[in-house]
Amino acid sequence: MDHEKRKKSVSLISGGLDSALATKLILDQGIEVTGIHFTSLFASRRDKERGLQAVRTAEELGIRLITIDKGPEYIDLIKNPRYGYGKNMNPCIDCRIFMLQKAKAVMEQEEAGFVVTGEVLGQRPMSQQRNTIHLIEKRSGLAGLIVRPLSAKLFPPSEPETTGIVNRELLLGVSGRSRAVQQELVNEYHLKAYSSPGGGCLLTDPIFSNKLRELFHDDKDCTVKDIQLLTFGRHFRLGRGTKLVVGRNQKENEALEALWEPTYTLISPADFKGPRGIIKGCHDGDALTTAAAILAFYGKYDAPEIMLEIYDGERTTARFVRTDVDVEGLRI
Ligand code: SF4
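As a starting point, this report considers the structure included with it. (Residues numbered from 1 in each chain as written. Predicted model: local features only at pLDDT ≥ 70, side-chain atom pairs only at ≥ 80, totals over all residues.)

Description of the site of the ligand
Taken together, 10 residues surround the ligand, and among them Asn 90, Cys 92, Cys 95, Gly 200 and Cys 201 come closest. Here the shell around the ligand is composed, by residue class, of 5 nonpolar, 4 polar and 1 charged. (Near = placed C-beta within 6 Å. Nonpolar A, V, L, I, M, F, W, Y, C, P; charged D, E, K, R; others polar.)

Structure representation (structure tokens):
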């Protein structure tokens, strides 16, 4: 490690307690830190709040924060994770490798010498066990260059610790899920800008994961918009390659309209009050007849005929004879 890189690092800032503390422990050694925060299509509402918190954490610690979106390449990773999924569609090991590879690129760009993480040994079932931490470090190309201030004493010394750039004696040996030690430190440091622990991204959510699995199964080339659609409304499979999403409230109806793109057909009730829907895929007579019946079902509309306004780039209206549809049976 050359002289200039001695006192520079990059640190993964989640917005949570552990990464704030880990960064503080490094800053207190007089080492410069640039924060990195990751966002993605799969951020849960809680993750988004943590994103705002990450900005506040960086401000409180007085460091610069770089925000990186995981981007479309992350979707390919989720489709086919080398190290598999956790309980749901969360490929935590591959995801950690991915983030650390990005952090490595920033480290090099910033001419920093190492990466800091708030990892705590044994805190998470999938990605924070000793053998997986080791695997992730190796696969990220950062072997020996990750400093984990909260659990450092439970690992062999990293390169910055061996060379004395980081004083290992001032690092901790915390393990497990209890955050008692971290809480004490937060009080001691008077840190306020962090969010409470818990939660994961949408990929850890069973309902979202079911929809995503079904989407990947049906449409291998699904787009970012198709995935965004999974976070809104009720979803119905109308046939291979054809799907209907129905808004659950006014806000979702508006969101569906905003998400429209030329591969989608937007449908709305023309002669009754009811939800809006988006069809992806084939929107021939059969698909539209079924979709009309589903909109009428949620609009509590009993008439034998249903008028829809249809927008597929051009706006038209059409009338459909109501058919019997097993609404729950079609639900994804
Ligand atoms: S919970 Fe989500 S963001 Fe966190 S490591 Fe797992 S896949 Fe990645």
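Moving on, there is more to tell.
Some thoughts on the sheet that holds strand E5 (residues 146-147)
Pairing in this open sheet of 5 strands is parallel, and the strands run E3-E2-E1-E4-E5 from one edge to the other. The sheet is open, and its two borders are formed by strand E3 (64-69) and E5, each paired with just one other strand. Relative to strand E2 (residues 32-39), strand E1 (residues 8-12) is paired through 5 bridges, and the arrangement is parallel. Of the residues in E2, the one forming a bridge with Leu 12 is Ile 36. Against the sheet, helix H2 (residues 45-61) touches E2 and E3, its axis set at about 170° to E2. Packed on one face of the sheet, helix H4 (residues 92-109) meets E1, E2, E3 and strand E4 (114-116) and runs near 155° to E1. (Pairing = 2+ DSSP bridges. Helix = DSSP H or I, 4+ residues; strand = E, 2+ residues; numbered from the N terminus. Contact = placed C-beta atoms within 7 Å. Axes fitted to C-alpha atoms, helices over the stretch in contact; angles between N-to-C directions.)

Structural notes on the sheet that holds strand E11 (residues 315-321)
With antiparallel pairing, 6 strands are arranged side by side in an open sheet as E6-E7-E9-E8-E10-E11. Of all strands in the sheet, those bounded by a partner on one side alone are strand E6 (234-239) and E11. Between one strand and the next, the sheet's axes are offset by a mean angle of 25°, whatever the strand orientation. Relative to strand E9 (residues 277-280), strand E8 (residues 264-269) is paired through 4 bridges, and the arrangement is antiparallel. What sits directly across from Thr 265, in E9, is Ile 279.

Re the environment of Lys 251
With respect to the helices and strands, the residue Lys 251 is situated in helix H10 (residues 250-259). Residues Lys 251 and Gln 29, 222 residues apart in the sequence, show an inter-C-alpha distance of 49 Å.

Some thoughts on the pairing of strand E7 (residues 242-246)
The element E7 is extensively covered by neighbouring structure, given that 5 of its 5 residues are classed as buried. Of the two faces of E7, the one lined by Thr 242, Leu 244 and Val 246 and the one lined by Lys 243 and Val 245 are each fully buried. In this structure, E6 lies alongside E7, joined through 5 bridges in antiparallel fashion. Paired with Phe 236 across the bridge in E7 is Leu 244. What sits between the antiparallel neighbours E6 and E7 is a turn of 2 residues, in which Gly 241 has the positive phi angle 80°. As paired strands, E7 and E9 are joined by 4 bridges and run antiparallel to one another. (Buried ≥ 20, exposed ≤ 12 C-beta atoms within 10 Å, placed from the backbone.)

Quick word on helix H7 (residues 180-189)
Burial runs low along H7: only 1 of the 10 residues are buried. Among the residues trailing H7, His 190 stands out with phi positive, at a value near 55°.

Here's the deal with unusual backbone geometry
Phi at Glu 111 takes a positive value of approximately 55°, unusual for a residue other than glycine. Mapped onto the secondary structure, Glu 111 falls in the loop between H4 and E4. Despite not being glycine, His 190 shows a phi value in the positive range, around 55°. Position of His 190 relative to the elements: it lies in the loop between H7 and helix H8 (206-218).

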